[in-house]
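# Summary of the model geometry
Take a look at the letters that make up each chain.
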Amino acid sequence: MIIEFEQGKIIATQHEVVVRINGNARINLQAQIDELTLIAGANVVTAVGSGINWSVKLDSNEQLQLLADEIGIAITCY
């Protein structure tokens, strides 16, 4: 599944997520599903684990929910 947001695209499969940030730098962020946390309210995807540490803010709660549904993990509320 591909989810487009203001700063780029999220490509999600059952095993991993790749975030492609628009711009000349062509930044790609990749993480396995078990390294991700989805944070409600802030609409943030974070990846922490085995040498990975990044976060991306999405445009809306709907995008976060689409990602959660696709990869099968719960959204965390703080």
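Right above here is the structure, for reference.
Below is a summary of the structure that appears in this document. (Residues numbered from 1 in each chain as written. Predicted model: local features only at pLDDT ≥ 70, side-chain atom pairs only at ≥ 80, totals over all residues. Heavy atoms only, no water.)

## What to know about the overall build of the chain
Assigned secondary structure in the chain consists of one helix and eight strands. The order of α-helices and β-strands along the chain, N terminus first, is β-β-β-β-β-β-β-α-β. For 78 residues, the compact-globule formula gives about 12 Å, and the C-alpha radius of gyration of the chain, at 11 Å, lands near that figure. Dimensions of the chain, computed from the C-alpha atoms along their principal axes, are close to 35 × 30 × 20 Å. Within the span of the chain, comprising 78 residues, buried residues form 37% of the whole. Of the contacts made within the chain by residues no fewer than 6 positions apart, 33% connect residues no fewer than 24 positions apart. Looking at the chain, you have 4 positive and 9 negative side-chain charges, and the mean spots of the two groups are 11 Å apart. (Helix = DSSP H or I, 4+ residues; strand = E, 2+ residues; numbered from the N terminus. Rg over C-alpha atoms; globule rule 2.2 N^0.38 Å. Buried < 20%, exposed > 50% of the residue type's maximum accessible area, 1.4 Å probe, protein only. Contact = heavy atoms within 4.5 Å. Lys, Arg positive; Asp, Glu negative; His and termini not counted. Charge placed at Lys NZ, Arg CZ, Asp CG, Glu CD.)

## Regarding the environment of I10
Mapped onto the secondary structure, I10 falls in strand β2 (residues 8–12). I10 sits in the buried class, given a relative accessible area of 1%. Taking the C-alpha atoms as reference points, I10 and N28, separated by 18 residues in sequence, lie 9.7 Å from one another. Setting aside chain neighbours within four positions, we find I10 in contact with M1, I2, I3, F5, V17, V18, V19, L58 and L67.

## Quick notes on the side chain of Q63
Topologically, Q63 is positioned in helix α1 (residues 61–71). Among the polar contacts listed, one links the side chain of Q63 to the backbone nitrogen of D59, at a separation of 2.7 Å. Setting aside its immediate chain neighbours within four residues, Q63 contacts I3, E4, F5 and L58. (Polar contact = N/O pair within 3.5 Å; in protein donor to acceptor, adjacent residues only side chain to side chain.)

## Details of the side chain of N43
Within the secondary structure, N43 is located in the loop between β5 (36–39) and β6 (44–49). Residue classification places N43 among the buried positions, given a relative accessible area of 9%. In contact with N43, other than residues within four places in its own chain, are V56, K57, L58, D59, S60, N61 and L64.

## Points about the sheet that holds β6
Backbone-to-backbone hydrogen bonds join strands into a sheet, with any given pair of strands oriented parallel or antiparallel. Read across the sheet, four strands follow the order β7-β6-β5-β8 without closing on themselves; strand pairing throughout is mixed. The open sheet has two edge strands with one neighbour each: β7 (52–57) and β8 (75–76). α1 rests against β5, β6 and β8 of the sheet, and its axis sits at about 145° to β5. (Pairing = 2+ DSSP bridges. Axes fitted to C-alpha atoms, helices over the stretch in contact; angles between N-to-C directions.)

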